[in-house]
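Overview (structure and organization)
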Amino acid sequence: MKGNDPLIEVLTRNHDLIVGARVLILGEINSPQLMQLLAPTQSAVVLCDHYGAACAMAAVMGKRLGTSSFETACYKHIKVIFAAASDERILEEIGPLDRVVVFVSKTKSLNQHTLFALQRKFQHEGTPAQITLIGSNDGGGKSADKLVSAVADVYKHDSARKCTVFNGTFRHYDENQGVGLTDCKRLSAVTVGALTLEQEPGLFSQGELDGGSALLLKALSADLVGPESISGPILDLGCGSGVLGLTLAAQGYGPVLCTDISATALHATEQNAQRHGLKVHTLACDMLPSPQLLTQLAQPKFQLIVTNPPFHQGIARSLKETQAMIAAAPHSLTTDGALYLVGNTCLNYGADLKAAFAQVKELIATPKFTVYKATLR
């Protein structure tokens, strides 16, 4: 979570835009600093896809979120929603609006998809809402007005902290369609064996099967004897659209728990499971679920953990989260359990795995990816 978030600081400079207004705030929200700006609003709904950020904002209100793909926390006139933009339950949580504030994501398709999904709420009693777009200049902020230029009159309102603010008003509204925004181009579905898995904007490996995940599935197919050899639960850590967990579930392995920090990922996994009649459980968390949480779920240990862990935060490379997960993973496995992990070969996770596990094998190694199997004995 960011401390002095430039986007929040720029909104603070333009606080008069939301004072006394009924606002919806969405987009790339990284800091609970936002909450202090919402007290003088008439009402505020914050839609957040990042579980850590959503939990931090709920904590500011003295609330605690659950661990499903759709969670809400309310205090007085402020509501925080952890959910995917495409989850239609959100529409029931949003009341009349005067203004929509968008913290622009670096992923243009995600911005477009989010606005499209919620546009039916961008008016009240025939009066279109105003819109404010705030983005970092290196993340699309300078051209953020293009997101809504076809349906709104927007102008540059402010520029500071290497960020740009656009402000304006939607021009028209259709009772059935909303303000006339179009969705982003539909992503190609990913085919894995007999499964066709739909993709969502903003998730890793857009519209294709990531090479690392494909290699990990190949290694699992060769290394696992069959469902009858696995009696304990399986964790798909950082599930994305569910490629690893749903493939194992389709092969008869289970029970399977799919975790991710993104509501969009959890929702995509749930939708893909429903399409194929597969039973998996989903859980919102950052990397490994805590031992206390797993105990509450009556699932304290896993026999298998499978993961293609992230190593970027935005454009910056960060290995700390995965290294911490590797160090903690032995405590989440049964004594006969195994961690199957794929990573870019250059990241050299082998050294971290050997420090935490008794046995580490390289199941497949290519110049680009390496698949590891780590066991406790």
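For the structure, see preceding data.
The structure contained in this document is the topic of the report that follows. In this text, all values refer to a predicted model and were calculated from it rather than measured experimentally. (Residues numbered from 1 in each chain as written. Predicted model: local features only at pLDDT ≥ 70, side-chain atom pairs only at ≥ 80, totals over all residues. Heavy atoms only, no water.)

1. Considering the overall build of the protein
Helices and strands together make up the secondary structure of the protein, namely 10 helices and 21 strands. A compact globule built from 377 residues should have a C-alpha radius of gyration of about 21 Å, and the protein, at 22 Å, falls within 12% of that. Taken along its principal axes, the extent of the C-alpha atoms in the protein is 65 × 40 × 40 Å. Relative to its 377 residues, the protein shows a buried fraction of 53%. Expressed as a percentage of contacts within the protein between residues at least 6 apart in sequence, the contacts between residues at least 24 apart total 65%. Carbon and sulfur atoms provide 49% of the accessible area of the protein, an area that totals close to 16,700 Å². One way to put it: in the protein the 32 positive side-chain charges average out to a point 4 Å from where the 33 negative ones average out. (Helix = DSSP H or I, 4+ residues; strand = E, 2+ residues; numbered from the N terminus. Rg over C-alpha atoms; globule rule 2.2 N^0.38 Å. Buried < 20%, exposed > 50% of the residue type's maximum accessible area, 1.4 Å probe, protein only. Contact = heavy atoms within 4.5 Å. Areas by Shrake-Rupley, 256 points an atom, 1.4 Å probe, with all protein chains shown as cover. Lys, Arg positive; Asp, Glu negative; His and termini not counted. Charge placed at Lys NZ, Arg CZ, Asp CG, Glu CD.)

2. With respect to the nonpolar core
With 69 residues, the main nonpolar core has Ile25, Leu34, Leu38 and Phe103 as its most contacted residues. Beyond its immediate stretch of four places on either side in the chain, Leu34 contacts Ile8, Leu11, Ile25, Ile29, Val46, Met57 and Phe103. Val45, Phe70, Leu133 and Leu181 belong to the second-largest nonpolar core, a separate cluster that totals 28 residues. (Core = buried A, V, L, I, M, F, W, Y, C linked by side-chain atoms within 4.5 Å.)

3. Focus on the packing of helix H5 (residues 211-223) against helix H6 (residues 243-250)
Interhelical geometry of H5 versus H6 gives an angle of 25 degrees and a closest axis separation of 10 Å. In terms of axis orientation, H5 runs roughly parallel to H6. The handedness of the crossing between H5 and H6 is right-handed. Side by side, H5 and H6 meet where Ser213, Leu216 and Leu217 of the first sit next to Val243, Leu244 and Thr247 of the second. A breakdown of the residues in the contact of H5 with H6 according to their chemical character gives 4 nonpolar, 2 polar and no charged. (Axes fitted to C-alpha atoms, helices over the stretch in contact; angles between N-to-C directions. Parallel < 35°, antiparallel > 145°, perpendicular 65-115°, else oblique. Left-handed = near helix turned anticlockwise from the far one by under 90°. Nonpolar A, V, L, I, M, F, W, Y, C, P; charged D, E, K, R; others polar.)

4. Considerations on the sheet that holds strand S13 (residues 234-237)
The strand order across the open sheet built from 7 strands is S15-S14-S13-S16-S19-S21-S20, with neighbouring strands paired in mixed fashion. Two strands in the sheet have a free side with no partner beyond their single neighbour: strand S15 (281-284) and strand S20 (359-365). Direction aside, the axes of adjacent strands within the sheet are offset by 20 degrees on average. Direction of pairing for S20 relative to strand S21 (residues 369-375): antiparallel, over a ladder of 6 bridges. Following the sheet pairing, Lys361 is matched in S21 by Lys373. (Pairing = 2+ DSSP bridges.)

5. Examining the side chain of Asp210
Relative to the assigned elements, Asp210 resides in the loop between strand S12 (195-197) and H5. Of the side chains with opposite charge, Lys368 comes closest to the buried, unpaired Asp210, at an N-O distance of 6.6 Å. At a separation of 2.9 Å, a polar atom in the side chain of Asp210 contacts the main-chain amide nitrogen of Gly212. Within the structure, Asp210 has its side chain in polar contact with the side chain of Asn308 (distance 2.7 Å). (Salt bridge = Lys/Arg side-chain N within 4 Å of Asp/Glu carboxyl O. Polar contact = N/O pair within 3.5 Å; in protein donor to acceptor, adjacent residues only side chain to side chain.)

6. Digging into helix H2 (residues 51-60)
The buried fraction of H2 amounts to 7 of the 10 residues, a majority that puts the element mostly inside the structure. Those residues of H2 that sit buried are Tyr51, Gly52, Ala53, Ala54, Ala56, Met57 and Ala58. Phi turns positive one or two residues past the end of H2, at Gly62, with a value near 75 degrees.

7. Some words on the pairing of strand S9 (residues 152-160)
Here S9 pairs with strand S10 (residues 163-170) via 8 bridges, running antiparallel. Within S10, the residue paired with Asp158 across the bridge is Val165. Adjacent in sequence and paired antiparallel, S9 and S10 are bridged by 2 residues, among which Arg161 carries a positive phi angle near 50 degrees.

8. Remarks on unusual backbone geometry
For the bond from Gly254 to Pro255, the omega torsion is 5 degrees, close enough to zero to count as cis. In this structure, Pro255 sits in the loop between H6 and strand S14 (256-260). Notably, Lys162 is not glycine yet its phi reads approximately 60 degrees, a positive angle. Secondary-structure assignment places Lys162 in the loop between S9 and S10. Phi angles above zero are rare outside glycine, and Asn348 is one such case at about 50 degrees. Relative to the elements of secondary structure, Asn348 occurs in the loop between strand S19 (333-344) and helix H10 (349-356). Judged by relative accessible area, Asn348 falls into the partly exposed class, the value being 47%.

9. Quick word on the packing of aromatic side chains
The final tally for this structure, using the stated rule, is 2 aromatic pairs. Measuring from centroid to centroid gives 5.4 Å for Phe122 and Phe170, while their planes differ by 15 degrees, and the two rings are stacked. Of this pair, Phe122 sits in the loop between helix H4 (108-118) and strand S6 (123-124) while Phe170 sits in strand S10, and the two are 48 residues apart along the sequence. Look at Phe122 and you get buried, because its relative accessible area is 0%. (Phe/Tyr/Trp six-rings, centres within 6.5 Å; stacked < 30°, edge-to-face > 60°.)

10. Here's the deal with the pairing of S14
The buried fraction of S14 is high, at 5 of 5 residues. As judged from the 4 bridges shared by S13 and S14, these two strands associate in the parallel manner. Each residue of the ladder has a partner; that of Asp236, found in S14, is Cys258. At this point the chain moves from S13, through H6, to the parallel S14, and the crossover so formed is right-handed. Bridge count for S14 against S15 is 4 bridges, and the pairing is parallel. (Right-handed = clockwise from strand over helix to strand, strands pointing away.)

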